[in-house]
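Analysis of the macromolecular model
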Amino acid sequence: MKILVLNAGSSSLKYALYENLGKRVEGNIEHIGEPNGPKDHRTALFEIERELAGHGEIRAFDELDAVGHRVVHGGEKFVEPVQIDERVVEAIRALIPLAPLHNPANLQGIELMRKLIPDIPQVAVFDTAFHQSMEEEAYLYAIPLALYEKYGIRRYGFHGTSHAYVAKEAAKYLKRAPETLNLITLHLGNGASACAVQRGRSVDTSMGFTPLEGLVMGTRSGDIDPEIPIFMQKEGMDADRLLNKESGLKGLCGHNDVRTIEKMAKAGDKTSRTALKIFSRRIKKYIGAYTALLGNVDAVVFTGGIGEHSAMVRRMVCEGLEPLGICLDDTKNRKNVNIVSTEGSGVKILVIPTDEALEIARQTETVLSVHKL
Ligand code: ADP
């Protein structure tokens, strides 16, 4: 089965071709609509088609068996991936007010592909779906209930595909069934979020109504006093831009790439060191909170560019967590191996590279095989 996975952003189009769930080709078309890139998403898709043909994988898109699309926001409507039809397209469109930056681009990818290959099944995989298992007490904010009912203001959570993928992979490393495990999964990339996974299901997560809440991120503040944006607006500042684009690690030390920040911290730069401390401390607090919620934790899982590669961040996060049974083995940690906890650690510490495209391909295949029965 040949599945093309597409992740359409406003100016980029990431793609990966899988055959029987083995990756064949992947790439990213950037600068769409800019002078140095393809003129629009349609042109970008043709570039992808030529690229796949050049690799001898398919002559044209109509040789694909399926397409899996990443969709950021599935609201409360989509609790799992679905095969796309007109109703699904309209439902994704109706969710644009909740994800004004992402859903329009995702939708554009879907609509173009449906025009190009109307007879080939396409599946939407939602970033929010994994977290739809949260109970009311986890997803409701303590604001007037009417605002949830009228506007859908609640915690949705994001990065669901990644949290779901690493939770399943963790089960393989631990040689246990996913539905028997309690995990704290930490997706630490440019965006970052934590998830409490109880017996294979998300029961709480740090991102909320939008991906701004929770952990400190590359350029996003994460949790702050909710009065701060109100104060900023009153003072004539652009709170949206300040909190989403100018805050987080960048706001604290001028850089958002942890590689740079680590180098500077190691060279004695105090501001960079403080930024890493604030970043790690927030993660530590979420580990504490989720340990309290889950009661018993089998493993803490690090993933995303930072989680997978930064031994320094993992050490700073785990330092002092020994009373919770979380014991990092410094030598293993520095080697970036998959299990970095000590032999005796009650809670395992895992480093698992995420693979959202593979998870989308898997879920696409599952949805379509269920349909065929
Ligand atoms: P995205 O969220 O955009 O998918 P990634 O998951 O690839 O991003 O994470 C990107 C971040 O990972 C970079 O900003 C960088 O800070 C961090 N990173 C990547 N490689 C390393 C490394 N070797 N050491 C420390 N941090 C790294």
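Bear in mind that the values here come from a model prediction, so they are computed numbers and not experimental data.

Turning next to the sheet that holds strand E10 (residues 299-303). The five strands lie next to each other as E9-E8-E7-E10-E11, forming an open sheet whose pairing is mixed. Taken across any chain shown, the strands that pair with only one partner, and hence form the sheet edges, are strand E9 (201-205) and strand E11 (348-351). Strand-to-strand twist across the sheet, computed as the mean angle between neighbouring axes with direction ignored, equals 25°. Across seven bridges, strand E7 (residues 182-188) lies against strand E8 (residues 192-198) in antiparallel orientation. Across the sheet, the residue bridging to Leu 188 is Ala 192, located in E8. Helix-sheet contacts for helix H11 (residues 270-294) involve E7, E8, E9 and E10, and the interaxial angle to E7 is about 160°. This element, helix H13 (residues 311-318), spans E7, E10 and E11 of the sheet and lies at about 150° to E10.

Applying the stated criterion across every chain yields a total of 25 salt bridges. Overlapping salt bridges bring together Lys 168, Glu 169, Lys 172, Glu 359 and Arg 362 as one network.

On to helix H1 (residues 41-54), then. The end-to-end C-alpha distance of H1, which contains 14 residues, comes to 20 Å, matching closely the 20 Å that a straight helix rising 1.5 Å per residue would cover. Summarising the contacts, the buried residues of H1 are in contact with strand E1 (2-8), strand E2 (13-19), strand E3 (22-29) and helix H3 (103-116). Residue Gly 56 follows H1 closely and has a positive phi angle near 75°.

So, on to the site of the ligand. Taken together, Gly 189, Asn 190, Gly 191, Asn 256, Asp 257, Val 258, Arg 259, Gly 304, Gly 305, Ile 306, His 309 and Ser 310 make up the full set of residues adjacent to the ligand. Between Val 258 and the ligand, the recorded distance is 2.6 Å, taken from a backbone N or O atom to an oxygen atom. Between Ile 306 and the ligand, the recorded distance is 3.4 Å, taken from a backbone N or O atom to an oxygen atom. For the ligand, the accessible surface in isolation is 580 Å², of which the surrounding protein chains cover 68%. Per element, the largest residue contribution to the shell around the ligand is four residues, and it comes from helix H12 (residues 304-309). When the residues that make up the shell around the ligand are grouped by side-chain class, the tally is two nonpolar, eight polar and two charged.

Under the defined criterion, the tally for this structure stands at zero disulfides. The cysteine Cys 327 is free of any disulfide, with Cys 318 supplying the nearest cysteine sulfur at 9.4 Å. Overall, Cys 327 belongs to the partly exposed group, its relative accessible area being 21%.

Below, the discussion takes up the UniProt feature "binding site: Mg(2+)" (unreviewed entry) in the chain. Under the UniProt annotation, the feature "binding site: Mg(2+)" (unreviewed entry) is placed at Asn 7 and Glu 356. These annotated residues cover 350 residues of sequence, and their C-alpha atoms lie no more than 9.9 Å from one another, placing them together at a single site. The topology assignment puts Asn 7 in strand E1. If we ignore the near neighbours within four places in the chain, the residues touching Asn 7 are Ser 12, Leu 13, Lys 14 and Arg 70. Its relative accessible area of 24% is what places Glu 356 among the partly exposed residues. Setting aside residues no more than four positions away along its own chain, Glu 356 makes contact with Thr 161, Ser 162 and His 187.

For soluble globular proteins, the rule of thumb is that nonpolar side chains tend to be buried together. Ranked by size, the top nonpolar core spans 41 residues in total, and within it Leu 186, Leu 188 and Ile 287 carry the most contacts. The element best represented in this core is H11, accounting for eight residues. Once residues lying within four places of it in the same chain are set aside, the contact partners of Leu 188 are Leu 215, Ile 283, Phe 302, Thr 303, Gly 304, Gly 305, Ile 306, Gly 307 and Val 313. Judged by nonpolar contacts, the second largest core, of 28 residues, contains Val 5, Phe 130, Ala 299 and Ala 361.

A few words now on the side chain of Asp 298. Topologically, Asp 298 is positioned in the loop between H11 and E10. Once you skip the residues sitting within four places of it in the chain, Asp 298 turns out to touch Arg 176, Thr 180, Leu 181, Asn 182, Gly 346, Val 347 and Lys 348.

On to the UniProt feature "site: Transition state stabilizer" (unreviewed entry) in the chain, then. The sites that carry the UniProt feature "site: Transition state stabilizer" (unreviewed entry) are, in the present numbering, His 159 and Arg 220. Its place among the elements puts His 159 in the loop between helix H5 (145-151) and helix H6 (160-174). Among all residues touching His 159, those that are not within four sequence positions of it are Asp 127, His 131, His 187, Gly 191, Ala 192, Ser 193 and Met 207. Here Arg 220 is to be found in the loop between E9 and helix H7 (227-234).

The subject of this paragraph is H3. Between its terminal C-alpha atoms H3 stretches 20 Å, which fits the 20 Å expected from 14 residues at 1.5 Å a residue. Of all the residues in H3, the buried ones are Asn 103, Ala 105, Asn 106, Leu 107, Gly 109, Ile 110, Leu 112 and Met 113. In this structure, the buried residues of H3 make contact with E1, H1, strand E4 (66-71), helix H2 (86-94) and strand E6 (122-126).

Criteria and cut-off values
- Residues numbered from 1 in each chain as written.
- Predicted model: local features only at pLDDT ≥ 70, side-chain atom pairs only at ≥ 80, totals over all residues.
- Heavy atoms only, no water.
- Pairing = 2+ DSSP bridges.
- Helix = DSSP H or I, 4+ residues; strand = E, 2+ residues; numbered from the N terminus.
- Axes fitted to C-alpha atoms, helices over the stretch in contact; angles between N-to-C directions.
- Contact = heavy atoms within 4.5 Å.
- Salt bridge = Lys/Arg side-chain N within 4 Å of Asp/Glu carboxyl O.
- Expected span 1.5 Å × (residues − 1).
- Near = heavy atom within 4 Å.
- Polar contact = N/O pair within 3.5 Å; in protein donor to acceptor, adjacent residues only side chain to side chain.
- Areas by Shrake-Rupley, 256 points an atom, 1.4 Å probe, with all protein chains shown as cover.
- Nonpolar A, V, L, I, M, F, W, Y, C, P; charged D, E, K, R; others polar.
- Disulfide = S-S within 2.5 Å.
- Buried < 20%, exposed > 50% of the residue type's maximum accessible area, 1.4 Å probe, protein only.
- UniProt positions renumbered as here; feature names shortened; annotations may be inferred.
- Core = buried A, V, L, I, M, F, W, Y, C linked by side-chain atoms within 4.5 Å.

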